[in-house]
Amino acid sequence: MSDTPVKTPAKPAGRPATKPVPKTERPRLHKVILINDDFTPREFVVMVLKAVFRTTEEQAFRIMLTAHQKGVCVVAVFPRDIAETKATEATDLGREGGYPLMFTTEPEE
Ligand code: TYC
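Keep in mind the model is a prediction, meaning the values are calculated, not measured.

The rules behind these values
- The written sequence of each chain sets the order in which its residues are numbered from 1.
- Totals for whole chains, interfaces and linings use every residue, but because this is a predicted model, local features are given only for residues with pLDDT of at least 70 and side-chain atom pairs only at 80 or more, for both listing and counting.
- Note: side-chain values were computed over all heavy atoms of the structure, leaving out hydrogens and water.
- The way it works is that DSSP assigns letters per residue, a run of H or I at least four long becomes a helix, a run of E at least two long becomes a strand, and they are numbered from the N terminus.
- The cut-offs for exposure are 20% and 50% of the maximum accessible area for each residue type, with area from a 1.4 Å probe on protein chains only; residues under the lower value are buried, those over the upper are exposed, and the others partly exposed.
- Any two residues whose heavy atoms approach within 4.5 Å are treated as being in contact.
- Under the convention used here, a 1.4 Å probe and the Shrake-Rupley method define accessible areas, while residue burial counts only the protein chains that appear.
- For helices, the fitted line uses only the C-alpha atoms of the stretch in contact; every axis is such a line through C-alpha atoms, and the angle between N-to-C directions lies from 0 to 180 degrees.
- Here a crossing is called left-handed whenever its near helix is offset anticlockwise from the far helix by less than a right angle, and right-handed whenever the offset is clockwise.
- Gly is put with the polar residues, along with every residue not named as nonpolar or charged; the nonpolar set is Ala, Val, Leu, Ile, Met, Phe, Trp, Tyr, Cys and Pro, and the charged set is Asp, Glu, Lys and Arg.
- What makes a residue near a molecule or strand is one non-hydrogen atom of that residue sitting within 4 Å of it.
- As used in this structure description, the phrase polar contact means that two N or O atoms lie within 3.5 Å; if the pair is within protein, one of them must be able to donate a hydrogen and the other to accept it, and residues adjacent in sequence are counted only when both atoms belong to side chains.
- One less than the number of residues in a helix, times 1.5 Å, gives the span that helix is expected to have.
- It is the directions from the helix axis to the C-beta atoms whose arc is reported.

A. Summary view of the overall build of the protein. Tallying secondary structure elements over the protein gives three helices and three strands in all. Its helices and strands taken in sequence order, the protein reads β-α-α-β-α-β from the N to the C terminus. Counting the 109 residues in the protein, one finds 27% classified as buried. At a minimum sequence separation of 6, the contacts of the protein that also span at least 24 residues come to 71%. On the protein, roughly 8,600 Å² of surface is accessible, and the fraction owed to carbon and sulfur atoms is 56%.

B. Fine view of the packing of helix 1 (residues 42-53) against helix 3 (residues 80-96). The N-to-C vectors of helix 1 and helix 3 enclose an angle of 145 degrees; their axes lie 10 Å apart at closest approach. When the axes of helix 1 and helix 3 are compared, the crossing they make is right-handed. The residues of helix 3 that touch helix 1, namely those facing Phe44, Val48, Val52 and Phe53, are Lys86, Glu89, Ala90, Leu93 and Gly94. In terms of residue class, the contact of helix 1 with helix 3 is made up of six nonpolar, one polar and two charged.

C. Layout of the site of the ligand. Around the ligand, the neighbouring residues are Leu34, Ile35, Asn36, Asp37, Thr40, Arg42, Val45, Met64, Ala67 and His68. In the environment of the ligand, a nitrogen atom lies 2.9 Å from a nitrogen or oxygen atom belonging to the side chain of His68. Relative to its free-state accessible area of 350 Å², the ligand is covered by the protein chains to the extent of 88%. Mapped by element, the contributors of at least two residues to the shell around the ligand are strand 1 (29-35), helix 1 and helix 2 (57-70). At three residues, the largest contribution of residues to the shell around the ligand is made by helix 2. Its residues assigned to classes, the shell around the ligand comprises five nonpolar, three polar and two charged.

D. Examining helix 2 more closely. Between its terminal C-alpha atoms helix 2 stretches 20 Å, which fits the 20 Å expected from 14 residues at 1.5 Å a residue. All buried positions along helix 2 are accounted for by Ala60, Ile63, Met64 and Ala67. Angularly, the buried residues of helix 2 cover 95 degrees about the axis, an arc narrow enough to put them on a single face. For helix 2, the exposed residues lying more than 90 degrees away from the buried face are Glu58, Arg62, Gln69 and Lys70. Packed against the buried residues of helix 2 are strand 1, helix 1 and strand 2 (72-79). Looking one or two residues beyond helix 2, the residue adopting positive phi is Gly71, at roughly 105 degrees.

This is the structure we're talking about:
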């Protein structure tokens with residue numbers, strides 16, 4: 001046997017018994033909400049959703065139909081600045097087409 005001292009670890013290796021308390025809160029995500037109106041053509045809404053939110057045709061159609069039937073539909077959630085930029089871009093595309101298409105944002109609970 002050698003005389004090399006064996007170092008005993010102070011704490012067992014591996015996962016700590018409790019989760020560390022995070023020092024910073026994760027920033028809240030914001031919902032982009034599509035509002036129904038009586039004037040914007042359905043196909044135009046679908047085109048805007050595909051262009052701005054990169055949805056498929058099928059996803060865009062379902063979102064448009066939900067807003068049409070219920071009055072509003074959550075399109076997606078993003079960090080606040082991205083949600084606001086996309087809502088503005090999408091609303092602007094409506095205005096450029098002569099339609100009252102409206103997207104808003106609100107923080108997630
Ligand atoms: N309600 C519109 C129509 O019947 C279509 C539409 C759907 C418009 C959803 C806006 O967010 C909207 N032409």
